[in-house]
Amino acid sequence: MEVGIGMAKNIVFVLHGIGEYQDGWMERESSAVPTLRKAASDYPFFEGKSLDSYIDFVPVLYDDVYERILRHWSDLGEGLKNSIPVMPPLADKVASALQGAADDKWWLKTGADVLLYWGFKLFQQRIVLRVIAQIANKIADTITTDGGTPGYHILAHSMGTAVAHDALHHLGTESWLSALQNAPMDDADGDIARAQRAQLLDTIDLLRQDFGVSSPFDPSLFNFESVTMISNVSALIHGVEGPYTSIVQPGSATTHGAFTRQYLNVNHDFDPVSLVGNFKMPAAWEMRGGVNVKLNHLVDVQDPLAIHDAAHYIAHPNLHLRLLQSYVDPYSATDTDVAKVAAYDAAHGPSAISASVKSKLKQIKQGKIGPLKEVIGQIKDFKKSITL
């Protein structure tokens, strides 16, 4: 059956990866949601039904924060010196990299995103604030609907996995929100940041009043049904709290202090971003809702250059079936549905890929060719400069 009157749609917050993103980004062909809709239509349960009748997909935009802050800095190097670094050894390296690429607009909108978030508290604070505000506002608007409480899910890709991790950890812990109240925000970007902070704090206060609790997003009171990290870089790029010790892990809040019931760690054998991210799920997580999904397919067995796209990951039934079952309450995959996993592997897995394309895949994997070649090189260089 489809969701009808009196039934709440489940809500999926979708976070983009590196690159240039604006309003409407979620409907791009390379993004996850259009591919998930298309995949659903291949299964009998969804025949004649719209996936959007079951799910409210919510795009979470944060790339505009980079645009906003960098617009204020005519001299990137000087601006960075005035932004307190998260990792001081990286500060000069980041500034040099940005100044050296000042005329490369594409790189400033891709590789710069990673380095600035990785290296400086100003960017982490503003991006996490932007993301938390969007998530908290949507939850506040929907948690008490007449149709009941929906399930809340996170679907993050690439750089978005790092941002999602930090945002969720801070959303569920009071210390960051308390510090946020007293943050000066007196830089050139401060007006917008203070307005977003005021809106977020108002939302939190309203939830406190509605539910009579001091910490409405404490894991003992609220959790996400699932967190899916595609091309997971959260172990490499994160704030003070690392992903192996934060609340962004599967399990129960009472036993494990966990913020989600299920955690999907999704990576690809030939995606260089996935490989350099290198998130290793703790064995204990797999016993309490953690799932490793390792892929090695090519949607187009002749063209591997789009291998990092969220759409490329979602196309595989081994991933999209898990998401459909998690996001759509009345759907359960049948044996016939699951048989598509093996069929897809036969058509798009290693056995279907020619030797010449495999050679190209190896070069992409090593970061030697491909659209993210420069970004991978910078990440590897910076990775050597820090101790994780």
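Everything numeric here is computed off the predicted structure, so don't read it as measured data.

What is the right way to look at helix α9 (residues 174–182) in this model?
Three- or four-residue spacings in an α-helix give side chains the same orientation, since the helix completes a turn every 3.6 residues. Those residues of α9 that fall on the buried side of the exposure criterion are Trp176, Leu177 and Leu180. Along the axis of α9, the buried positions cluster into a sector of 95 degrees, meaning they face one direction only. Residues of α9 that are exposed and point more than 90 degrees away from the buried face comprise Ser175 and Asn182. Packed against the buried residues of α9 are α7 (121–142), α8 (159–171) and α10 (190–211).

Looking at this structure, I do not really get the nonpolar core. What am I missing?
Generally speaking, nonpolar side chains in soluble globular proteins are found buried as a group. By size, the foremost hydrophobic cluster in this structure holds 70 residues, and its most contacted members are Phe13, Ile135, Ile154 and Phe224. When residues in this core are grouped by element, the largest group, 11 residues, is from α7. The next biggest cluster of nonpolar side chains, apart from the first, holds 33 residues, and it includes Trp25, Ile55, Val266 and Leu319.

What is the right way to look at the packing of helix α2 (residues 63–70) against α7 in this model?
When two helices pack together, you describe them by how their axes are tilted relative to each other and by the distance separating the axes. Here α2 crosses α7 at 135 degrees, and the two axes come no closer than 9 Å. When the interaxial angle is binned, α2 and α7 end up oblique. As for the relative orientation of α2 and α7, their crossing is right-handed in sense. Mapping the contact onto sequence places Asp64, Val65, Tyr66, Arg68, Ile69 and Leu70 in α2 and Leu122, Phe123, Arg126, Ile127 and Arg130 in α7. Taken together, the residues that form the contact of α2 with α7 break down as seven nonpolar, no polar and four charged.

Honestly, the sheet that holds strand β2 (residues 55–60) in this entry has me stumped. Any pointers?
Sheet strands pair by backbone hydrogen bonding; their relative direction is either parallel or antiparallel. Judged by pairing direction, the sheet is parallel, and its six strands sit side by side in the order β2-β1-β3-β4-β5-β6 without closing on themselves. Each having just a single partner strand, β2 and β6 (290–295) make up the two edges of the open sheet. With direction set aside, neighbouring strand axes in the sheet form an average angle of 15 degrees. Note that strand β1 (residues 10–15) and strand β3 (residues 152–157) share five bridges and pair parallel.

Would you explain empty space enclosed by the protein in this entry?
The gaps of empty space that remain are located by a probe, the size of a water molecule, rolled over the atoms. Tallied over the full model, the rule gives two cavities of 30 Å³ or more. Volume-wise, the second largest cavity comes out at about 40 Å³. Lining the second largest cavity, in full, are Leu171, Gly172, Thr173, Glu174, Leu177, Ile204, Ser215, Pro216, Phe217 and Asp218. Partitioned by chemical class, the residues of the lining of the second largest cavity number five nonpolar, three polar and two charged.

So what exactly am I meant to see when it comes to the packing of helix α1 (residues 32–40) against helix α14 (residues 317–327) here?
Contact geometry for α1 and α14: axes closest at 10 Å, N-to-C directions at 85 degrees. What the angle tells us is that α1 and α14 run roughly perpendicular. Here Leu36, Ala39 and Ala40 of α1 come into contact with α14, specifically with His320, Leu323, Leu324 and Tyr327. Of the residues belonging to the contact of α1 with α14, the class tally is six nonpolar, one polar and no charged.

Looking at this model, I keep getting lost on the environment of Val33. Mind explaining?
Relative to the helices and strands, Val33 is located in helix α1. Along the sequence, Val33 and Ile314 sit 281 residues apart, while their C-alpha atoms lie 8.5 Å from each other.

Rules of the game
- Numbers given for residues are sequential positions, taken from 1 along each chain in its written order.
- Side-chain atom pairs in this predicted model are given and counted only at pLDDT of 80 or more, local residue features only at pLDDT of at least 70, and totals for whole chains, interfaces and linings cover all residues.
- Side-chain figures throughout are based on the complete set of non-hydrogen atoms in the structure, without hydrogens or water.
- Exposed residues in this analysis have more than 50% of their type's maximum accessible area, buried residues have under 20%, and partly exposed residues fall in between, with area computed by a 1.4 Å probe over protein chains only.
- The secondary structure listing takes helices from DSSP runs of H or I that are at least 4 residues long and strands from runs of E that are at least 2 residues long, numbered from the N terminus.
- Within this analysis, the arc is defined by the directions that extend from the helix axis to the C-beta atoms.
- Should any heavy atoms of two residues lie within 4.5 Å, those residues are counted as being in contact.
- Each nonpolar core is a collection of buried residues, namely Ala, Val, Leu, Ile, Met, Phe, Trp, Tyr and Cys, held together in the definition by side-chain atoms within 4.5 Å.
- To get an axis, fit a line to the C-alpha atoms, keeping to the stretch in contact for a helix; angles then go from 0 to 180 degrees between the N-to-C directions.
- Each angle receives one of four descriptions, namely roughly parallel if under 35 degrees, roughly antiparallel if over 145, roughly perpendicular if within 65 to 115, and oblique otherwise.
- Two helices crossing with the near one rotated counterclockwise from the far one by less than a right angle form a left-handed crossing, whereas a clockwise rotation gives a right-handed crossing.
- Classification convention: Asp, Glu, Lys, Arg as charged; Ala, Val, Leu, Ile, Met, Phe, Trp, Tyr, Cys, Pro as nonpolar; all other residues, Gly among them, as polar.
- Think of it this way: DSSP has to see at least two bridges between two strands before they count as a pair.
- Points on a 1 Å grid, built from protein atoms alone, make a cavity when a 1.4 Å probe fits but cannot get out and make a pocket when they are open with protein on both sides within 12 Å along at least 5 of 7 lines; residues with an atom within 4 Å of a point are the lining residues.
- Grid points are joined across faces, edges and corners, and a volume is the space filled by probe spheres set on the points.

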